[in-house]
Structure formats: structure tokens, C-alpha cells
Amino acid sequence: MKVIVADSINQKGIDNLKEVAEVVVDTDITPEELLNTISEYEAIIVRSRTKVTREVIEKADKLKIIARAGVGVDNVDVEAATEKGIMVVNAPESTSITVAEHTMGMMLTAARKIAIADKSVKEDKWEKSRFMGVELRNKTLGVVGMGRIGSQVVSRCKAFEMDVIVYDPYLPKEVAKQMGVELADLETVLKVSDFITIHVPLTPETKHLISKKELEIMKDDAFIVNCARGGIIDEDALYDALSNDKIGGAALDVYEEEPPKGSKLLSLDNLVATPHIAASTREAQRDAAIIVANEVIEVLKG
Ligand code: NAD
């Protein structure tokens, strides 16, 4: 059996695959080369670079499984794969801790003005009074979306002695109780929270879930963090709220357009910005490779 690894993944995943199949690692493969060779393979593993299009899938006569070593399957034509009976898998759980840790970093960076203080010191300045911050302790964390990542953020924030309130209409009350969190409607969460963190998927329902009206409900000194998906926060409304000090600050890892070239948000001192790196750690990449390699092995073994 032959497997193609078309984007770079952690070696441990490749080693595991080699125990059951012939593994071709070709991380420079072009779309044309993939089209011409895909019929040789039972499985393909990709990350973000390689697009598994309908055209590729149509030529994939032996293919049983398409695996994406990461979260989401945006670069795979799932409909075409399903029509052909090819399984599509990914590794959404591989990045939960990594994204939760990044979220903690974003909260602390916003609360303690670490990014702008760093910039100031490197400009040879010593502006101690400019960077008065706030503690996380005894503050209320509002979590929007209590899934894999949201719940990891909650356990970390509890260690910081924060109170937690959650908006997640799909989380059963009993589960919330077991997790030791209070459920509330979005308006209440926005009203009482000092830090709000977003961990919902982007869907028609969550597009601009946080817009002008929601930002107006927030406390004037509250912070909002989005390490989920661009488009959940309305960026024009966020710019207005931040530039008028309607809220204390924001931290974004994701944007409506990526990269957010020319976005006026980037001119603001009360915005912390990272380039969609919340999932980028060695551990998350390793775990993603191991998880999808195991899925491929299961399928190849039948
Ligand atoms: P998950 O599916 O485990 O959890 C999502 C939670 O959101 C669920 O509990 C669900 O009930 C809830 N939810 C869905 N619709 C909702 C709504 N309208 N209002 C409130 N709650 C709602 O997902 P996860 O693994 O925790 O990931 C969360 C988000 O993080 C996803 O959007 C994912 O794409 C994103 N993510 C971003 C990065 C990054 O690099 N920045 C990396 C990994 C994941």
C-alpha cells in the first residue's frame, strides 16, 4: 500500500505510517504532479499547502482516505470525496491546549500591555507610568463557545483565580455543571465579563456575533480576545469601540481578511495582534501528525 505525504508533517507520524505502508514524502509536489500520480495511492496526508480538489479526487482510483494534519478541512473538496466514498479526517483535538495557551498569552499581553511596552523599551524609552495594567485574579471571564478549546481556557483561567461565565446554547446544563461553570445568555456574559474570549466556529449564526450592539453592552474597561476565526467579531465595529475607548482592549489572532493588510485596527495601541499562530507549536504539529497517521493506519488495515 502506498501513502503520499504531500505537505511537511512531524517525522513521528511518518515513522508510524512506514510500519504499515510505503510512504512517499513529496512536500514540493505541484498540483499537476499530484494529478498525474494520485492514482497510485491509497492515502494522502496534507496540511494547508496542498489542495485536494475535485479534479484530483476524480483521478484517485485507489484512494481510501484523505487526512489533514490540522484543524478543519478547508483545502479538501469534501463533497467530491464523499461522492466517491473516500473518508476525510483531520485532527481538531491536536491543537486545543496550544490554542488555549495562546489565548492566555493574549489575555495577559492585553491586560499588562506587554506588546506595546516591549516596543517602547526597544525604542529606548522608559515609560513606566504609561503601562499600568490590571490583574486577571478575581475578574470575570466570559467564554463564548465551551468546546475543546473553551474548556481548556477555563481550566487555565480558574488557576488564575478568575470567575467564569459561559455562553454556549449547545452545551447541556448538566455538562456545564460537571465542568463547574455557570451558563448564561450572550447579553449577560457581555455585561458582566472583564475578559471575553471567543471559541466558536465561524458559521452563518456566528458571523458578526460580536458587533456594535454587543460591544456597547461590554464594560468600558473589558477586553475581548478572538483566537477562533475572523469574521466572528465585526472589525469595523471593533475599531470604533477601541478607538473611542468604549472597551479596554482586544487581542486578535484571526481576521476577516488574512493577512489584514491595511486594516485600521493595526494602528491602535489597545489592540494586540498575532498572525494566526494560535495553533503553531511543535507539540500541536507533532500530535496532529500522530493522530492522522493513526487514522490512516486504521483505514489501510481495513
Ligand atoms: P469545538 O467544536 O470543540 O467547540 C466549539 C463550541 O462552540 C461548541 O461547544 C459549540 O457548542 C459552541 N457553539 C457553536 N455555535 C455557537 C454559537 N452560535 N454560540 C455559542 N456557542 C456556539 O471547537 P474547538 O476545537 O474548541 O475550536 C473553536 C474554534 O477555534 C473553531 O472556530 C476553530 O476553527 C478555532 N481554532 C482556531 C485556531 C487558530 O489557529 N487560531 C486553531 C484551532 C482552532
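As the structure is a computational prediction, the values presented were derived from the model and not from experiment.

(A) Inspection of the overall build of the protein at higher detail. The helix and strand inventory of the protein stands at 12 helices and 12 strands. For the protein, the spread of C-alpha atoms along the three principal axes comes to 65 × 50 × 30 Å. Within the protein, the fraction of its 302 residues that count as buried is 48%. Counting contacts in the protein only where the partners sit at least 6 residues apart, residues at least 24 apart contribute 58% of the total. Here the protein has roughly 15,400 Å² of accessible surface; of this, 50% comes from carbon and sulfur atoms. Of the side-chain charges in the protein, 38 are positive and 51 negative, and the distance between the mean point of each set is 3 Å.

(B) Representation of the nonpolar core in the model. The biggest cluster of nonpolar side chains holds 27 residues, and the ones touching the most others in it are Met107, Leu141 and Phe195. For this core, the secondary-structure elements that each account for two or more residues are helix H5 (96-112), strand E6 (140-144), helix H7 (148-159), strand E7 (163-167) and strand E10 (223-226). At seven residues, the largest contribution of residues to this core is made by H5. Within the second largest apolar cluster, 26 residues are counted, among which are Ile198, Leu215, Ala222 and Tyr255.

(C) Structural view of the pattern of salt bridges. The final tally for this structure, using the stated rule, is 17 salt bridges. Here arginine 54 and glutamate 83 are joined by a salt bridge, their closest N and O atoms 3.1 Å apart. Pair noted here: arginine 54 is in helix H3 (residues 54-59) and glutamate 83 is in helix H4 (residues 78-83), with a separation of 29 residues, a long-range link. Since its relative accessible area comes to 31%, arginine 54 is described here as partly exposed. A relative accessible area of 55% places glutamate 83 in the exposed class. The shortest N-O distance in the salt bridge between aspartate 287 and arginine 286 comes to 3.0 Å.

(D) Highlighting the pairing of E6. By the criterion of burial, E6 is predominantly enclosed, with five of the five residues buried. Note that E6 and E7 share five bridges and pair parallel. Bridge pairing links valine 144 to tyrosine 167 in E7. On the question of chirality, the crossover connecting E6 to the parallel E7 by way of H7 is right-handed. For E6 and strand E9 (residues 195-198), the ladder comprises four bridges, and the chain directions are parallel. Pairing of glycine 142 across the sheet is with isoleucine 196, part of E9.

(E) Looking closely at the site of the ligand. Residues in contact with the ligand amount to 25 residues; listed here are only the nearest, Arg148, Ile149, Asp168, Val200 and Asp253. Within the side chain of aspartate 168, one N or O atom sits 2.6 Å away from an oxygen atom of the ligand. Contact with the protein chains removes 86% of the 860 Å² of surface that the ligand exposes when unbound. Across the shell around the ligand, the residue classes tally to 14 nonpolar, six polar and five charged.

(F) Representation of the environment of glutamine 152. Along the chain, the position of glutamine 152 falls in helix H7. The residues contacting glutamine 152, other than those within four sequence positions of it, are Ser96, Ile97 and Ala100.

(G) Expanded view of the sheet that holds strand E5 (residues 87-89). Taken in spatial order, the five strands make up an open sheet running E2-E1-E3-E4-E5, and their pairing is parallel. Across the chains shown, the open sheet's two edge strands, defined by having one partner strand only, are strand E2 (22-25) and E5. Averaged over neighbouring strand pairs, the angle between their axes works out to 15° when direction is ignored. In terms of strand pairing, strand E1 (residues 2-5) meets E2 through four bridges, oriented parallel. Bridge pairing in E2 places valine 3 opposite valine 23. Across the sheet, helix H1 (residues 11-18) touches E1, E2 and strand E3 (43-46), and the angle it forms with E2 is around 150°.

(H) Representation of the packing of aromatic side chains. Going through the model one piece at a time under the given rule, you end up with one aromatic pair. Their ring planes at 15° and their centres at 5.1 Å tell us that phenylalanine 195 and phenylalanine 223 sit as a pair that is stacked. Linking phenylalanine 195 in strand E9 with phenylalanine 223 in strand E10, this pair joins segments that are 28 residues apart in sequence. Accessibility classification places phenylalanine 195 together with phenylalanine 223 in one group, the buried group.

(I) Representation of the state of the cysteines within the structure. Counted by the stated rule, this structure contains zero disulfides. Not part of a disulfide, cysteine 157 finds its nearest cysteine sulfur in cysteine 227, a span of 12 Å. Using a relative accessible area of 0% as the deciding quantity, one classes cysteine 157 as buried.

What counts and what doesn't
Residues numbered from 1 in each chain as written. Predicted model: local features only at pLDDT ≥ 70, side-chain atom pairs only at ≥ 80, totals over all residues. Heavy atoms only, no water. Helix = DSSP H or I, 4+ residues; strand = E, 2+ residues; numbered from the N terminus. Buried < 20%, exposed > 50% of the residue type's maximum accessible area, 1.4 Å probe, protein only. Contact = heavy atoms within 4.5 Å. Areas by Shrake-Rupley, 256 points an atom, 1.4 Å probe, with all protein chains shown as cover. Lys, Arg positive; Asp, Glu negative; His and termini not counted. Charge placed at Lys NZ, Arg CZ, Asp CG, Glu CD. Core = buried A, V, L, I, M, F, W, Y, C linked by side-chain atoms within 4.5 Å. Salt bridge = Lys/Arg side-chain N within 4 Å of Asp/Glu carboxyl O. Pairing = 2+ DSSP bridges. Right-handed = clockwise from strand over helix to strand, strands pointing away. Near = heavy atom within 4 Å. Polar contact = N/O pair within 3.5 Å; in protein donor to acceptor, adjacent residues only side chain to side chain. Nonpolar A, V, L, I, M, F, W, Y, C, P; charged D, E, K, R; others polar. Axes fitted to C-alpha atoms, helices over the stretch in contact; angles between N-to-C directions. Phe/Tyr/Trp six-rings, centres within 6.5 Å; stacked < 30°, edge-to-face > 60°. Disulfide = S-S within 2.5 Å.

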